Every structure is written in structure tokens, then in C-alpha cells.
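# Geometric and topological summary
One-letter residues, chain by chain:
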Amino acid sequence: MESLQWHLHTFKSSSYEISDDDSDWDTSSKHSYQSHLDLRSHHCHDSTDSSGPPQTALDSFLDSVLPPEDRTCDPHYLGRLNPYDSDSIAQSESSNLDEEYDDDELLILNTPEALYKLYHKNKLQSHIGSLQRIKLLCPDCGQWCQTGVHSKIGLWADRHFQSFSNHRGSRKCEATAKKNQAAGKLATVTTLPRFPFILCIISPQPQTCTGVSILWPEDLRLFAMLFPWEHYHNGPNSLPFTLDIRNSTMPQAQSKLCLGSSAMQDLPCDECADVPAHIVRLAEVARDPKSRTNYRYLGLAHMQDIARSYAEQANTLKLQGLNNSRKHIKALTQLDDHHHLLMAVSKNNIPRLQQIITVALRHGTSIRQIVNKLEDALEGVYQPRGYGADDLDIATLVYRLSGWQLLFTLNQKLSLPSLRTLRTRASFTTITPTIGPIRDEHIHANIHTIVLATQSPTSPKHGVSLMIDEIALEEMAIHFSKYNQVGSLCWKHSHLVNPVLCTYKSAVNIAQKIHAGQVHLGKELTVIGASFFGEDDIYPLLAAPTCKAEDATDMEQLLARAINCWSIASAGASAGPIWSFATDGDATRRAAGHKLFLKNALAPESPLYGTLINMPGLNLFTGDGEVTLDFDYKHILKRICTLIRSPSGIVLNNGRVINSMMLAHYLVWLPAYDEAAVMKLLHPDDPQDVPRAVELILAIIYDSFSMDIDTRADLKSITLLSALIESFLTPFINTTLSLFDQIQYLSRYSHIAFAFFHAHRRSFMSYQLYYDTQMAVKNVIFCCKKRQILDPNAPFYLGDVGDDPLEILFGRTRMIRGHNSACSFAQAIDCLGATKDIDGVFKRHPDIDPGHRQLKLMRHEGVNHINREIWTGDIISGQCDLPLAWRKGCDASLLILSMSELDPSHYSFTELFNDPSIDVLRPFGQNKYLGITSEEGLEDASCVPDHSPPITPTPALQHLVETVLAVAEDHEVEAHGEPLEDEELMLTFQEALIDESPANNPSTPASSQLLHANPLTPALPQGPGIRPEDYLMYNGWWIHKQTICRLVINKDFVSKSLNRLERIRAGYTKVNNRIDISGGRITDHNLFLVGNIFLTLIRSDRTLSIGIFHSTTASLGGVVRASVNIGVMQAARTTCKITGQLLSLLPTHPSPGISPSFLWDGGYVKVRSIIQGTSESTERVVVVTVPGSLVEPINPEATFICLRDDVNSDEFTQVHGGQSTWQVSCNAMQVACNILWAKAVELKISVKSIAAVTASDSKTFPYRLSDNTPAIISLEASAQLTVSQGGRITICPLCEANVSDMHNHVGLHILWSFSNLLEEPPLKEQVGEPYPCGFCGHSGVPECAIMIAVPNSAAPTWTTSCIYKHTFRYGSTDAGSKTTPCRNIPLKCELCHPILPPEPGRASRKNATVSVKAVWRYNLPEHILRVHEEYSMPGRKEIGVTLPASVLRVMGLTELEQKAACIPPDHWKPSYDDVEKENIPALSSRRTKCSVIAPATSMPAKRARIGTQPLLTARTLVV
């Protein structure tokens, strides 16, 4: 078929233009001009006709593939038939078709046969479409018409033109032709005529069809081998053609539907023409048969290939099976070997199993050979050689933690490297101890061997932080064989002795110096270490024993020596410069560090200056080399918690105290804490517990409490406390913070702490704690800037500040000693070196590091010590803008402080820091740093317990000398003497040596035994490991020098307790006092709770008033309690003490007739406090501790300020006007004042023992009414105060008037009271009965008793203890006057003490002057009625003995004094001036010259004045 050539037929006679557009003609269209033509084609023979070709498989194939209209046989004749006459079709089959038509007639005829002839005459144009189908050009419309015939088949049958014929007669073609004609493209349109006659076309003479030759591709195998013979049959799905392979080189194929004849010579019939397409298909299948092709469609060659492939596959599978069998056998063998290995490992303890297997595998040894090696190792025949780095690390860890004994055991059992191997292949850290005074060579040696030897030349430089701290030591002397000196003597005083033991006397001399107190054994070991910023290692530089007697000067020299040695050793050039010197809160080191590291102002040419100068308030003073002082932040956190836990607590806001009792009251509200948990949190067993301290701080930070009226003031202060400690803690524990955020938090803390300290000073926190916290913040800023200069791309980890690496070093040191915190000096030196080795192992193997429980910030399982590896925030130093972070922290602090009641002057940072002498370390300027010297303030309440153990009493020096110098033959007890009991209990030195085991003594030659013949020349000890220079000769004995130290110098050694808490509490119980926080129920009316309001007496100058306090602490019997029973508290002999803050109150402006009240304005009464060392002063809140017996609890009434019209809400700035507060009635306060003063008098409490307050603002206390007059005052107590201070009382106790002559004023009150009339206005206190005091008007007061002495020739004298007493002239007062009309004077009753008559023969009798109890003149009538009942009283008692005239005249009252008292005349008392002398019996037989008690009217000093002075009264006291 590929040899056929297709031509483009052109209809030459057509004048039509051809369109390039293809026309898709619908062959199913029924609209055609040929509707009257019925062109039918019939098979020339039936399929059952024997004359025709047989039905073949190809015929069936074509029947199934071709549509019915394409299955017609090539007709013998065609003609025009009558469509209405079916018989004409049969007649047309025999018509003669030889008649020829011209081209125009054929075109008009438009039958498939006519078009076929035109096509073969090359009159029709054709081309191949996109679907490989042939298209014909219509000569009418100029459109391409689809024939549906494939290009490989060709148009070789007339039926192929059926669709083209239908197109030419369609309406579409006619319309397109007309359109083209109208456009001028077509000349005429040919239409088909409609003839009623039949046009018959007679086909030419047919030729015999012989089939087609099979053209088989040459690249394939033979056709017969590839032909699918299984498909060659006559059944269903058979091939549609038959084969003729008689000529194998040119096989023939003929369609099973072959027509037997063809239209042309050498051309197949239409049916056979379809056979080549099937052959092509078979060739394609034969070329590349699909794997899923059915075998019936494959040829013999294909079947052979399949059979061959199956055979090859079978062989492959057989080979694979053989190989698998061998593999299985080998695997079983190996499995047996592994089983043997497993059994050998499980049943036997094979030494160095890992090394054996590792070495064997490294050399490619099989399992069987490994098992053989293991068997040899069990038998001891084979011992593997070589240890890896991990083996050496584990062995080092075992040796350094537990010693050589455990290493030897594990070497024998687990084949760890031996000690000899370790010493050969590993190096141990050796620290040079300080024996004697500290010298530079000690530090130089450690710098070179520990620091510089471990640094490579390519190691980057880091900033260095030197740190110093102490660790406990056993107070015992140690002999160092290497140096031949006695160690563990304190470095400050060891220069007084020679540490070399040359003779026995040398040891005695050292012992005598120690017991004399000139030299001391070290209590602690002072360690100075170097830590690099960016690394976790610590390098010990100095280890010196200390007696803790160093002062600031000694410590300053020590710190300067360490820095100087670092520079001299060139460590700064090779390792890095020193940036800071860190320590804890030790006062001595603080003072030394302050003097050493705050002496130079930062120079402008410094690279730090340009950045740090833009941070207002930051202190810019440093030491030499710009080294700064640093304090460990964990110690600061513990001290903050200790401060909060202390009874005094911390003062915040406008003066509110927050302490452990206050926090316990609120923490129990939280669901996470009960009373036991709060007790453990606030008062832990171990104050050094860092996780417990952090838990307390976090509880304060993150927990919130309900808001109500009673707790608003406390909660406001707790909120401020939360912000304060959150600012300091968060930068160290929040691992997501960036360095910028950390600096911002620290800046916020620095500014908040500055504001509160500027307002409250040590009430906020101690000077020392404030100094340490601000210095720690400053050091962080400086070190961060130095890191930016050294390497801006390097991270700056905040945990590198402080002395935490040194604490880790000490923790590992204690771990080595089995967590024994005390060890000897030699053990401490060895442990420090071992700790360095252990740190190296843990650094290489962090998975085996157990961590440090006490150094964790949070106690959570699985959370280790916070380190730089777990920090996720951006801490690259170069990306932190320090000035911006500092300013943002300042802004955040202002936002917090502005919400408080603190005076804005304390946080006006811009104005304060404009003064160059003021910064966060110098809050009050004048270059004054607080907290440096101990003289500056009180004891630091934030200090945590010291680790120093109690000092053991030193025995008498006499006993020591008797012990160490006694020799048996020289110190025997005399025969006649009795030994002392304590001397019998003490062994002499020689007895102690004899008591020692001889097995431990070194061997000596036979000639030099204990009883050597010549003791002056004994032989030296000999033996393995014996150093002769370690022995001393003593009476023929070779004694080891360490034995001499133990028996002579350490004779009285007592080991310290292994329990650190016991050592702490031996001399320190400040924080962990006995505490009871069981607060009881708030609804229990019999309990006084901490935080309640109470009243107590307070004196101010010469006034005793009452104050309202907010309780902060309550104690009973020395036990701090959260609540106290009120009955127990107010008992007469109670041991309860209440501490509180004095509150400031504002009075109301009531309407007339309404009692005033006092409202709390949210503030506190404050006093001035001088800043030590300066002329400045600040205000602090008044805090008073009073006995419980003088406490009166009150329950104030809540009220809303904004709802009251009797107060000015603008005055309540400290509670934000409009909010709620509470009020107390003025009357209730006065009643409480009187009750408390009466109790104080009953308990005989001295008025001077009552707390005194001098407020900085006199208007705040004593409390005053709206008219600025004192509101609540105890007049009696105030009078006592006045008298006790040498003053004169001017306040009348009865009417509270301010008077100048108390005697005259009170006397008139008494005179008025005798008239039985009420005074107007009424008195505050009525005149006492029956015998009112002439000075105070009180009755029954023992102090008011008055005594009088009447001498013979002088004026009477009187004495009394009444506090209102005034001195007056006796004679003038007795006479009376207009200015002092009162004549109430003390008299001696003549009835009680009559005048004796003269002795016989004498004119007078001289009586002895004796003090007797006096009676006031105004009380004399009542005295006579009560004491001398036998006498009558004119006007009151008519029956009885008549009184003597002198007595009556003394009792008489003058008109002047009664007028002065404003007594109505009808109530006047008689004056008895007209009493007849003859009618009055005399008291004696002798007439005296002049009575010393004669009435003043008898001898008036001046002429009587008519005017009288009215009685002065007042409602209130005016001062």
C-alpha cells in the first residue's frame, strides 16, 4: 500500500476559485438534489453462491468493521433507474455501460460513479486532512468536502465518492455557490437537472481478481513464522482473508469476500484492496507484541520466543533457588554463631567486651572468630590492647569521683583503664596551693598550668570575669610533702610562723601560736576563678585558707593582686581581657570592690563612652582597665526572697508593707496553695534553696487576687512588687527573650527600684541589697557593650555574669567528697583539680551530667540548669541597641509608677538625672554610695544565712603545753601528789604515739629500732614510697610529719557537721524563726488577724493622742503569727506585740450638731529621716511596735468618697478620688483613747515608754478637725508628758481651757460644784468627790495626796505629786485678791492635830515640825462632817459640839471668791466673820499671838476691788 501514489486531481475546465477553508460535510444529510436518484450497488453474487468466492475470515472482519453502506460490492453496471419501479433496478444490472460521457455531463450527473471517473481523469482536486482522511474540492461552492477514506487506502472505489455527491446537491453547497457568485467569485452555478427518465451507465468489462501480494517488512522474520496461524480459520474472530504461501518468497492474500473480478487489470477488487491494511496491522503486532497479547494473535516465532524466555526464566529460578539455599545455609550457620556469641555474653562476665568486639570488627573478624576471642579472653589467654577516648574519660570520672580503689575494682571486673594507664595517657589538673601568705607566684603558676596551657593560639579572645567565693574547710593542719610545709594556716596571719617542720619544736611553736590566737587554721577556702564569656569553663587561679578576719583593705589588695597577675602573665593578650570581678553579697568584698572598681570616671576617649553616655542614670565609674564590679544574680534573688520573708518586709507604693504574713494571707486564696504549701514557700527549711525562691517570686508575679475594698491597698503594693521582681527575674529565666528585651527588663527594674528607694530608702530594701542589684544591672550593660566591641556577631549570654561557674565548681567539689561540704585543705586542693577534670568529661559527654539541683532556677523534672544551649531568643550582641533598650525600660517603669500613689518627684528621672552627681547608684547625689560601710545603716535584713560554722572554744594554753610537751620520764606525778582529773584523761604525746598501731610505722634497720642503743644517730626510714624528708626524729622515733600535725597541731580538732542546715542554724536563726501562719477564719470575731486596723496610744511632743494603725506583724511569745486571740492579746501580762503603720486621716466637714468622722486618705504618716553622711533627708512611714495590752481593734465602716458631700474628693489623691475607703467616728476614737489610757494607768505603764511620733507634716498627726484643732487627746496623759518634760500644765482637766493659773482656775470649779449648780457650758469632766484635789479637781487619785508642815516661825510648806500642781505664795493666796480670788489652800486640821498647851512654868511650847496630811480649805467642811462627826456644822448639821471659832473662820468663804466663781448670791456660803469670840470655845488655855492659819480677810494686803474675774471655760484644747 505504501507503493501507491496519491495524486492531486485538478479539474482543469472549472473556472471556480477554491477556498482554503475545509468544509465538514454531514454525510447523514438527507437534503439533496439527488432525492429522485436511487443509486444502488449490489453484489454480483451471493455469499452462498458456489460460483462466487467463498466467505473468508477477512470478509467477516470487514463486515464487523465497515459500516453497512460501505459493504457493497463493486457493481457490474450503474444507470439511471426509476425510483418508483423496483424492477428497473434489476433491468439496470444488465444495461450496457459502455456509453461514454464527457466531463460536463459527468459533473452534472453527480453520481458516485461519475465522480469516480472524473477523479481518475484528474478533474477533481484532493488533499489529505488533519485526520489522514482524503478531502475533495467542490467545483460548485469551492469548499473542501470530507470523504472519510483514509489516505493509506485511497479513492479507488466509486462508493468513496458518495459523501461528495451528497454534498454537491445540498442546500449548503447551493447557498455558498450563490454567495460566491454574488461576490463575483463564481461565474455561474451549475445545478443538477431533474429528469424523469433513467440514465444508465454501463461499466467496462470486469477483470479477474487474483488478490494482493503480501509486502512483509524486510526487518522482520519470515512471514510464515510471524503469522498468527491460530487466528487463521473460518470461525468467529478469524482473519478476513486467505493466504497462498505456495510461493514463500511472494505470498498472496485474498479477501474472503473477494468479488472475483476487478475493474482494471492488475488491480484487486474492492474487498481484496482492504487486505494490505490488515497485513500492516499484523506486521505492527509482529514487530512489537505486547506482553498481554493473546497467544492466538502471535506467530510461531513469537511462541518460540516465549518458550525460550520461559526456559531461561526457569533456569534463572533454579539458579536463584540454589543460591538461596546456600545463603540460607550460611545464614543458619551465622545465626548459630550469633547464638553462641549471645550465650557467651549472657553466661559469662567477659572483661572488656566492648573493646574485644570493637577491635575484631575493625579488623573484619567473623562472628565465629569473635566468639573464639571471647573464649580466649575468659581463659585469660587474650587481652585486648588499646583504649579509646571514651574509656579514658570514664576511667577519669571514676578515679576523680571515687578514688583509685573503685578504679582498680572496675579495672579488674570491667577492664577499665588502670590508674597507671590514666597517668600515662591522660593529664590531671594540678592546682598550686597557697601555703603561707598569698604571693604572686601562686597565682602565676595556676594561670600558666590551668589557663594558658589549655588555650590554643587559634582560640578566639573572650571577655574574662574573675570571681571570688569561699568553701568550707575542716580546721586542721595538713603537711604537704611536696613543699615540706604545713598548710591550712590562714593566709593573713601565717607570716607570723615558719610553716616548715624542721624539728619537733617547730610543730609546738605553730600550735602555741594557733592557741594564742596569733595564727588561725583556715575556716574556709578562698577561691578566685576565671570564667570566659561565651564558655562554661571555670579556671581556679587561687586557693588560700582564710580565717574570715580580713578587712576591706586586705580584700582590696587581694583583688588587685589577682588582676595584676593576670596582666603580668600576658593572659589578657592570649586569652582575653578582664571585664568584671564577681562576688556574692559579702560586705568585706563589697567594700573592697567598691573602692577598687568605682574610682575612675569613664574617659571620653573610651570606646564605651559614646554609647553609655546616652543612658541617663547609669553610673559610669569603673576601675583600672574599665573593670566593673558584679554580684551574682542568684544570691540577689535569694536575698530578695529573704527580705520579703522577714517580719519588716518591704515597703512599696506610698508606704505599704508587704511581708510574709501579708503574702500568706493572700496566697492561701489561690487554688495551687494551701496553708502547708504557703508555709513551705514563705519559710523553707533551707533559705539557700534557689528554686524555692524563684517559685515564691513567680507566685507573686503571675498569680492574681480578687479585688475588694479591704484588700485594695495591699493588692496595689503586691502588683508593684510583682512588677519589680518580674523585671529582675524574667531576663534570666525566659529563654525566648532577645538581648534587647533582657536589657529593657533590667532597665525597668533599675528605674523602679530607684524610685522606691528614693522614696523609702531602707524601708524599701537594705542599702546593701539595693547597691548589689544596681551594680549587677550596671555590669550587664558594660559587659554587653564590651562584647559588641570585641565581636559584634558573637552572642552575649546573660548567665555568664555572676559567680555561677564558681558555684558549680563548689558543687562538684562537694559531690566528690560524698556531698560532704567540709574537707581538709589538701582534700580541697585535690578536689578542685578533680572538679576541673570532671567538668572536662561532662563537657565531652553531656548526656551523663546529672546537673545541679540547688542551682536550678525551677524545680521541674527533666528541666536542667538553664544554659546557653536552650536559649532560643536572639542574643547576638551587635543586634542590641543599648540606649534604646534603656529608654524603653525607663518608659515602661514610668507607666508602672504612674499608676501608683508614689509622689511623682521620686520618679522624675529627667530632672533627677540632669544632676551629674545623681545616678541609680547615687540616688541622693553628693557622690554618696549607700551600703558600702557597716556604719551607714541597720543590719541587712536581706542577708541569707552564712555558712560559717560556730567557733569551737579554744582550750587553755596551759593544757596545750602540758599535752604536747609532756614526756613520760619528765612529767611523772609526784608520789605525794594527786593528779588532776582532767590530766588523767589526756594522753601525752608519747602515749599517743604508743597508742598508734606499729604496723603503720615504716620499717627501719635492726640497729635503729625504738630502743636504739645510740638514739642520736638513727637510720632513716626505708621502703617503697617512703620519703625520708617526711619524717622527724623524736626521742629515737621516726615520726611522720603529718602524724605530728595531727597529734600536736590538731590535738583539739572537732569535725564539722555534715548537715549544712545545722551549721547555719548553730548561730543564725534570723529568717527561720518560729513562725505560725495558720491565720484562722476571717469571720472569727475573737481573732486579731495581721492586716487588721487597730488603735493605740501615741505621744507627740507633750501631747498623748491616739493613732490608727495598719497591722503588719503580730508575735506571741517570740513566735510570729498570722493571727492572735484578742483576749490573749489584750491580757494584762501578755507577751503579744503588734507592729503597724500609722495611717493618715482626713476629717469630715459635718453639719452643725453632727459628730465628725475621719476617713483614710490612702496615705501614711511620715517622719523625716536624715541620710547618713549627707545633709539630705527623706520621709519614711511611721512603723510602731506596741504591746498587745495597748491595742484596741476596730472595724471601720466602708464608704464611697464620691457619694459624700462632707469631704473634698480632690484631697484623696492616694486612693484616686471617687473610690471607696473607710471611716471612723471621732467619738469612738476618743472613747478608745480614754480606755487605753486608763489601761495604761492600771498597768502602770510609764508615759515615756509610749512610742513618740514627730510627723514631718504637723497637720497629719495628731489628727485634727476641719478647723485645725486637735481632735483626740488624753488630757491627763498629756499633762504627765508636760510635767515629765519639765513643763507647766496649762490645760484644765475639767473644762479643757487653756489657763495660766491652774490652782485658781480649778479652785473656782470646785467652789461652783459646792453650790450644787451646773456650770454653763458643762464641764468635760465633773469635779471629783468627796475631796477634790485643789490642782486638778480629781478625787481618789493617790498622786493628789498633799502633805503640809507648819513650822513654829515660818510659812507652812506643802508637798504633793499631782501633775497639775503649781507653785504659789501661801500667804498671798490665803488672803486672796482680785486677780487670784481663790483661797483654796492646804491646811492642817486643828481638830486632827490640835496645838498642845505650854509646859508648866513656860509661856509657850516649842512643837516639832512634822508633815501631816493636809486638807484643802474648800474640803474642810466635808472633812469635819465625815471625820469629826461629833461637831456641828452651821447650815448643814445643827446637832453636835460647836466648832472652835478659829476653825469656823478658816472655813469661811469671802464675797470676792464667790463672786469670781459666778455663784448666785442666794447660794453663797457664810464667811463666819461675825462669829463672837466669847461664845466660841478655845482649843487651848493659851492665847496665841497670831494664828498661822488666820483667814486672809483679817490681813488684806490691798484694798479690795469690786470687779470680779469670770470662770474661764473652753470646749476644746487650743495649743
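Predicted model only: the values in this text are computed from it and were never measured. The written sequence of each chain sets the order in which its residues are numbered from 1. The model is predicted, so local features are restricted to residues of pLDDT at least 70 and side-chain atom pairs to those at 80 or more, both for listing and for counting; the totals for chains, interfaces and linings are taken over all residues. Working from all heavy atoms in the structure, the side-chain values ignore hydrogens and water.

Only DSSP runs of H or I covering at least 4 residues are called helices, and only runs of E covering at least 2 are called strands; the numbering of each starts at the N terminus. The helix and strand inventory of the chain stands at 45 helices and 43 strands. Here the term buried applies to any residue with accessible area under 20% of the maximum for its type, exposed to any over 50%, and partly exposed to those in between, with areas from a 1.4 Å probe on protein chains only. Counting the 1519 residues in the chain, one finds 49% classified as buried. Here, residues are in contact when the closest pair of their heavy atoms is within 4.5 Å. In the chain, once contacts between residues fewer than 6 apart in sequence are set aside, the share between residues at least 24 apart is 71%. When the accessible area of the chain is evaluated, it comes to approximately 73700 Å², of which 53% is carbon and sulfur surface. A 1.4 Å probe and the Shrake-Rupley method give the accessible areas. Residues count as covered only by the protein chains that appear here.

Strand pairing in a sheet relies on backbone hydrogen bonds, with the paired strands running either antiparallel or parallel. Two strands pair if DSSP finds at least two bridges between them. Taken together, 3 strands build an open sheet; the order of strands is β40-β39-β42 and the sheet is antiparallel. For this open sheet the edge positions go to β40 (1357-1360) and β42 (1411-1413), each flanked by a neighbour on one side alone. Sheet twist, expressed as the average angle between the axes of neighbouring strands with direction ignored, equals 30 degrees. Across 3 bridges, the pairing between strand β39 (residues 1346-1349) and β42 is antiparallel. Bridge pairing links M1347 to K1413 in β42. An axis is simply a line fitted to the C-alpha atoms; with a helix, the fit covers only the stretch in contact. Between two such axes, the angle follows the N-to-C directions and lies from 0 to 180 degrees.

Summarising the element assignment, S747 is placed in helix α27 (residues 739-760). Excluding residues within four positions of it along the chain, S747 makes contact with A885, W886, G889 and C890.

Spatially, β8-β10-β9 is the arrangement adopted by the 3 strands of the open sheet, whose pairing is antiparallel. On the outer flanks of this sheet lie β8 (212-213) and β9 (241-244), each paired with one strand and no other. Both β9 and strand β10 (residues 252-255) contribute to a ladder of 4 bridges, which runs antiparallel. Residue D244 lies in a different strand from β10, and its bridge partner there is Q252. In this fold helix α9 (residues 275-287) packs onto β8, β9 and β10, with an angle of close to 75 degrees to the strand it touches most, β9.

Contact pair helix α18 (residues 552-568) / helix α20 (residues 587-597): the axes reach a minimum separation of 8 Å and the direction vectors enclose 55 degrees. When the axis of α18 is compared with that of α20, the two are oblique. Taken as a pair, α18 and α20 cross one another with a handedness that is right-handed. Every residue of α20 that contacts α18 at A552, M555, E556, L559, A560 and I563 is listed here: T588, R589, A591, A592, G593, K595, L596 and F597. Looking at the contact of α18 with α20 residue by residue, the classes come out as 9 nonpolar, 2 polar and 3 charged. Here the word oblique covers every angle except those under 35 degrees (roughly parallel), over 145 (roughly antiparallel) and from 65 to 115 (roughly perpendicular). Here a crossing is taken to be left-handed if its near helix is turned anticlockwise relative to the far helix by less than a right angle, and right-handed if that turn runs clockwise. When residues are grouped by polarity, Ala, Val, Leu, Ile, Met, Phe, Trp, Tyr, Cys and Pro land in nonpolar, Asp, Glu, Lys and Arg in charged, and all others, Gly among them, in polar.

Before going further, it helps to spend a moment on helix α39 (residues 1226-1242). Given the number of residues in a helix, its expected span is that number minus one, multiplied by 1.5 Å. The end-to-end C-alpha separation of α39 is 24 Å, in line with the 24 Å expected for 17 residues at 1.5 Å each. Those residues of α39 not exposed but buried are C1226, M1229, A1232, C1233, L1236, W1237, K1239 and A1240. Viewed end-on, α39 has its buried residues packed into an arc of 160 degrees, placing them on one side of the element. Regarding α39, its N-cap is S1225, as a side-chain oxygen of that residue lies 3.3 Å from the backbone nitrogen of N1227 further along. K1244 lies just past α39 and shows a positive phi near 55 degrees. As used here, the arc is the angular range of directions from the helix axis to the C-beta atoms. Pairing of N or O atoms within 3.5 Å defines a polar contact, subject to two protein rules: one partner must be a possible hydrogen donor and the other a possible acceptor, and residues neighboring in sequence count only if both atoms are side-chain atoms.

So, about the state of the cysteines. In what follows, a disulfide is any cysteine sulfur pair within 2.5 Å. Tallying each qualifying case throughout the model produces 0 disulfides. A disulfide-free cysteine, C1333 has its sulfur positioned 3.8 Å from the sulfur of C1362, the nearest such atom. Residue C1333 is classed as buried on the basis of its relative accessible area of 3%. Here C1344 is not disulfide-linked; the sulfur of C1336 is the nearest cysteine sulfur, at 3.4 Å. On the accessibility criterion, C1344 (11% relative accessible area) is buried.

For V1415, the position within the fold is in strand β43 (residues 1415-1416). The spatial distance from the C-alpha of V1415 to the C-alpha of C1389 is 6.7 Å, given a sequence separation of 26 residues.

Note that side chains of opposite charge can pair when their charged atoms are close. A side-chain nitrogen of Lys or Arg and a carboxyl oxygen of Asp or Glu constitute a salt bridge if their distance falls within 4 Å. Under the defined criterion, the tally for this structure stands at 37 salt bridges. Here D536 ties to R868 by a salt bridge, and the two come within 2.9 Å at their closest N and O atoms. Taken together, the residues D536 in the loop between β15 (524-532) and β16 (538-546) and R868 in the loop between α30 (825-844) and α31 (882-897) connect sequence positions 332 residues apart. Note on D536: relative accessible area 49%, which makes it partly exposed.

Looking at the secondary structure, you find V1412 in strand β42. Sequence-distant contacts of V1412, that is, excluding residues within four places in its chain, are made with I1346, M1347, I1348, K1388 and H1393.

As a further point, take a nonpolar patch on the surface. Together, Y295, M303 and Y310 line one region of the surface with nonpolar side chains, adding up to about 300 Å² of accessible area. Among the structural elements, M303 can be located in helix α10 (residues 300-347). On the accessibility criterion, M303 (31% relative accessible area) is partly exposed. What makes a patch is a set of residues exposed beyond 30% relative accessible area and free of salt bridges, joined within 9 Å when like-charged and within 5 Å when nonpolar (Val, Leu, Ile, Met, Phe, Trp, Tyr).

With that settled, the discussion passes to the pairing of strand β28 (residues 1103-1116). Counted residue by residue, β28 has 13 buried out of 14 residues, so it is predominantly covered. Counted between consecutive antiparallel strands, the loop separating strand β27 (residues 1093-1100) from β28 contains 2 residues, among which D1101 sits at a positive phi close to 60 degrees. Relative to strand β31 (residues 1136-1147), β28 runs antiparallel, the two sharing 7 bridges. Residue pairing across strands places H1110 opposite Q1141, the latter belonging to β31. Bridge count for β28 against strand β29 (residues 1119-1121) is 3 bridges, and the pairing is antiparallel. Bridging across to β29, L1116 finds its partner in V1119. Between β28 and β29, which pair antiparallel in sequence order, lie 2 residues; one of them, G1117, sits at a positive phi of approximately 65 degrees.

Turning to the confidence of the model for the chain, a few remarks are in order. Confidence in the prediction of the chain, expressed as mean pLDDT, is 76, and 76% of residues score 70 or more. Each residue gets a pLDDT score, which is the predictor's confidence in that residue and runs from 0 to 100. When the criterion is pLDDT under 50, residues 1003-1015 qualifies, and its contacts beyond four places in sequence or with other chains add up to 16 contacts. Counted against residues more than four places away or in other chains, residues 1476-1519, with its pLDDT under 50, gives 82 contacts.

Before going further, it helps to examine the packing of aromatic side chains. Two rings from Phe, Tyr or Trp (for Trp, the six-membered ring) form a pair when their centres are within 6.5 Å of each other. A pair whose planes differ by under 30 degrees is stacked, one over 60 is edge-to-face, and the rest are tilted. For the structure shown, the criterion picks out 38 aromatic pairs. With a centroid separation of 4.6 Å and 45 degrees between ring planes, the pair formed by Y504 and Y1034 is classed as tilted. With a gap of 530 residues between them, Y504 in helix α17 (residues 504-515) and Y1034 in strand β23 (residues 1031-1034) connect regions that are remote in the sequence. Using a relative accessible area of 9% as the deciding quantity, one classes Y504 as buried. Looking at Y1034, the relative accessible area reads 8%, which means it is buried.

Glycine aside, negative phi is the norm for most residues, and most peptide bonds take the trans geometry. With omega at -5 degrees, the peptide bond leading from F1261 into P1262 counts as cis. With respect to the helices and strands, P1262 occurs in the loop between α39 and α40 (1275-1284). In this model, E1329 is joined to P1330 through a cis peptide bond whose omega is 5 degrees. Turning to its location among the elements, P1330 is positioned in the loop between α41 (1302-1314) and β39. Not every positive phi belongs to a glycine, and N110 is a case in point at roughly 60 degrees. The phi dihedral of N122 falls on the positive side, at around 60 degrees, and the residue is not glycine. Mapped onto the elements, N122 comes out in the loop between α4 (112-120) and β3 (126-128). When its relative accessible area of 35% is taken as the criterion, N122 is described as partly exposed.

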